[in-house]
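What the coordinates show
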Amino acid sequence: MSTAADQMDEIKARVELIDLESARSAIESGVKLIDVREQNEWDESHLERAEHVPQGELVDRIDEIAPDRSERLLLHCRTDNRSARMADELAGLGYENVGVIAGGIVAWE
C-alpha cells in the first residue's frame, strides 16, 4: 500500500520543479505566476506578480486564467506539495508547460 508521501513523490516525479533562480528569471520575463494557497495565506504574504487562485478553484477557473494550454505557467504554494498536485491536474487537462517553484514561498522568503 502506498503512503501519502509515496504518492506525493510520484506526483513530483511527473511535474517540473523549478529552482528559485530559474523561477525568478521566468517571472521577470513575464511568465504567469499562480499562487494556489488559501486566502488567509495570501493575506499574510504573497509574491508581487502572483495571481491568487486557491487550489480548490484552479481547475474551474483555469480556462479564464490561461486559455492557451501551451502558455508557460508557474505555480506555487507554501512548500510545493499543493502546487505539484495542481500542476499534475493541469497536465491531465492538457496544459503542457506548467512548472512548480521548488520549496514554494517558504523557500522564496
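That block above? That's the structure.
Residues numbered from 1 in each chain as written. Predicted model: local features only at pLDDT ≥ 70, side-chain atom pairs only at ≥ 80, totals over all residues. Heavy atoms only, no water.

Burial of strand β4 (residues 73-76) is two-sided: the residues Leu73 and Leu75 facing one way and the residues Leu74 and His76 facing the other way are all buried. One ladder, built from four bridges, connects strand β2 (residues 32-35) with β4; its direction is parallel. Residue pairing in the sheet places isoleucine 34 in a bridge with leucine 75 of β4. The sheet contact formed by β4 and strand β5 (residues 98-101) spans three bridges and is parallel. Residue pairing across strands places leucine 75 opposite valine 100, the latter belonging to β5. Between the parallel elements β4 and β5, the chain passes through helix α5 (residues 81-92) in a crossover that is right-handed. (Buried < 20%, exposed > 50% of the residue type's maximum accessible area, 1.4 Å probe, protein only. Helix = DSSP H or I, 4+ residues; strand = E, 2+ residues; numbered from the N terminus. Pairing = 2+ DSSP bridges. Right-handed = clockwise from strand over helix to strand, strands pointing away.)

Before going further, it helps to examine the side chain of arginine 37. Positionally, arginine 37 belongs in the loop between β2 and α3 (39-44). Among the polar contacts made by the side chain of arginine 37, one reaches the main-chain carbonyl oxygen of glutamate 41 at a distance of 3.3 Å. If sequence neighbours within four positions are ignored, arginine 37 has contacts with Trp42, Ser45, His46, His52, Pro54, His76, Cys77, Arg78, Arg82 and Ile105. (Polar contact = N/O pair within 3.5 Å; in protein donor to acceptor, adjacent residues only side chain to side chain. Contact = heavy atoms within 4.5 Å.)

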